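Given next are the chains, with one letter for each unit.
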Amino acid sequence: MLIRKPADLRYSDVTPKELYLNRRRFLAAGSAALGALALPPTSNAASLSFSKSSYTVDEKLTPKDDVTHYNNYYEFGTGKEEPARYANTLITSPWTVEFGGMVNKPQKLDITSIIKIAPLEERIYRHRCVEAWSMVIPWIGLPLSAVLKQVDPKPGAKYVAFQTLHDPKQMPRGKYAGIDLPYVEGLRLDEAMHPLAILAVGLYGESLPNQNGAPIRLVTPWKYGFKGIKSIVKITLTDKEPPCTWNITNAREYGFYSNVNPQVDHPRWTQASERRIGELFKRKTLPFNGYADQVAGLYSGMDLRKFY
Ligand SMILES: Nc1nc2c(c(=O)[nH]1)N[C@H]1C(S)=C(S)[C@@H](COP(=O)(O)O)O[C@H]1N2
Ligand SMILES: [Mo]
């Protein structure tokens, strides 16, 4: 059973109900060291509530230490431990995301404005990397659909293009990554409007660590992890399929859709099974990463071997 009622969640005892924002950044709300009452009365900090979403899986969470120390973020190195070590050079505030292209209301929004567009929710999602490892991560974010509605796509818009910040000064290891930067990704507009697609601003009750894509990143849990583009500065509506970093790098191995599909192997390894980080034995990979009931309809009539 995929979707659980909030009352059934096992994470409830440890989840803080609020996350705090000030002008510079989110502050950790989970530790006893800092709570709403500990903030000085003159502080500009605003406390932000988030509710538990029913779009949640009832599976054991991957330990926070693994979620934040086993990462792919090539701008900060290609080793799994490198982003945690080196992403502290990323300046996440001030930060603006530029919304443009085929929209009626082009705008630049800072993070404070974006998180006001819709209530923040905590969603526990499976995360399946194309490299055949997986995690279960408690994200905090808001539906991408709410943000796109605010910028009001024009009738001809068919796709959404995303772009990561690229500043070689902040990301000096990027030139050794073997991929063209900035990192870019894309979704079909109906995929982007699907309720499972979120813009995440936090995990484990706190603002996103830099290595996980601070201050804002995409999460599409039915797709391979590389679609979840980090540290987004630009979101553009278009009528053409947008370029995607891994597809540009190696089109034979990585397609535009990149839906988790145990029946279509990567040319160099099987996608039929995966290693859940922290577990000894492999698990069978599920179609659409276990979200088939919700998302398979987006692809009805499509040959998923061709549109991989
Ligand atoms: N900008 C950028 N976004 C990125 C990547 C990257 O290298 N650069 N790696 C992707 C890959 S391959 C995965 S699996 C996820 C990893 O997200 P996590 O480190 O939060 O688990 O981020 C994706 N987003
Ligand atoms: Mo990945």
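I will try to describe carefully the structure that is included in this document.

**Structural notes on the sheet that holds strand E4 (residues 96-101)**
Step number 1: Spatially, the 5 strands line up as an open sheet ordered E5-E4-E13-E8-E9, and their pairing is mixed. Every other strand in the sheet has two partners, leaving strand E5 (107-110) and strand E9 (184-188) as the edge strands with one partner each. Put simply, the sheet's adjacent strands are angled 20 degrees from each other on average, direction ignored.
Step number 2: Pairing between strand E8 (residues 159-164) and strand E13 (residues 232-238): 6 bridges, direction antiparallel.

**Describing the nonpolar core**
Step number 1: Counting 81 residues, the largest nonpolar core has Ile114, Trp139, Leu144, Phe162, Ile216, Trp222 and Ile232 as its most contacted members.
Step number 2: Ranked by the residues each element gives to this core, the list is headed by strand E7 (residues 133-143), at 7 residues.
Step number 3: Tryptophan 222 has contacts with Glu191, His194, Leu196, Ala197, Asn259, Val260, Phe288, Asn289, Tyr291, Val295, Leu298 and Tyr299, leaving out every residue within four places of it along the chain.

**With respect to unusual backbone geometry**
Negative phi characterises most residues that are not glycine, and trans characterises most peptide bonds.
Step number 1: With an omega of 0 degrees, the peptide bond running from serine 93 to proline 94 counts as cis.
Step number 2: Checked against the element boundaries, proline 94 lands in the loop between helix H2 (82-86) and E4.
Step number 3: Going from leucine 181 to proline 182, the amide bond is cis rather than trans, its omega being 5 degrees.
Step number 4: With respect to the secondary-structure elements, proline 182 resides in the loop between E8 and E9.
Step number 5: Here serine 231, not a glycine, exhibits a phi torsion of approximately 45 degrees, which is positive.
Step number 6: In this structure, serine 231 sits in the loop between strand E12 (217-219) and E13.

**Quick look at the pattern of salt bridges**
Step number 1: Per the stated rule, a full pass over the model turns up 14 salt bridges.
Step number 2: Among the ionic pairs, glutamate 59 bridges to arginine 126, the shortest N-O distance being 2.8 Å. A residue pair is termed long-range when its members are at least 10 positions apart, and glutamate 59 in the loop between strand E3 (46-52) and helix H1 (64-69) and arginine 126 in strand E6 (residues 120-128) qualify at 67 residues.
Step number 3: Ionic contacts of the salt-bridge type, sharing partners, join the residues Glu59, Arg126, Arg128, Glu274 and Arg276 into one network.

**Structural notes on the site of ligand 1**
Step number 1: Around ligand 1, the surrounding shell holds 17 residues, and the nearest of these are Asn71, Tyr74, Glu75, Gly228 and Lys230.
Step number 2: A distance of 2.8 Å is found between an oxygen atom of ligand 1 and a side-chain nitrogen or oxygen belonging to asparagine 71.
Step number 3: The contact in question runs from an oxygen atom of ligand 1 to an N or O atom on the side chain of histidine 127, over 3.2 Å.
Step number 4: If ligand 1 stood free it would expose 540 Å²; the protein chains cover 98% of that surface.
Step number 5: Across the shell around ligand 1, the residue classes break down as 7 nonpolar, 7 polar and 3 charged.

Definitions and cut-offs
Residues numbered from 1 in each chain as written. Chains lettered and ligands numbered in written order. Predicted model: local features only at pLDDT ≥ 70, side-chain atom pairs only at ≥ 80, totals over all residues. Heavy atoms only, no water. Pairing = 2+ DSSP bridges. Helix = DSSP H or I, 4+ residues; strand = E, 2+ residues; numbered from the N terminus. Axes fitted to C-alpha atoms, helices over the stretch in contact; angles between N-to-C directions. Core = buried A, V, L, I, M, F, W, Y, C linked by side-chain atoms within 4.5 Å. Buried < 20%, exposed > 50% of the residue type's maximum accessible area, 1.4 Å probe, protein only. Contact = heavy atoms within 4.5 Å. Salt bridge = Lys/Arg side-chain N within 4 Å of Asp/Glu carboxyl O. Near = heavy atom within 4 Å. Polar contact = N/O pair within 3.5 Å; in protein donor to acceptor, adjacent residues only side chain to side chain. Areas by Shrake-Rupley, 256 points an atom, 1.4 Å probe, with all protein chains shown as cover. Nonpolar A, V, L, I, M, F, W, Y, C, P; charged D, E, K, R; others polar.

Read these as spatial facts, not as claims about activity.
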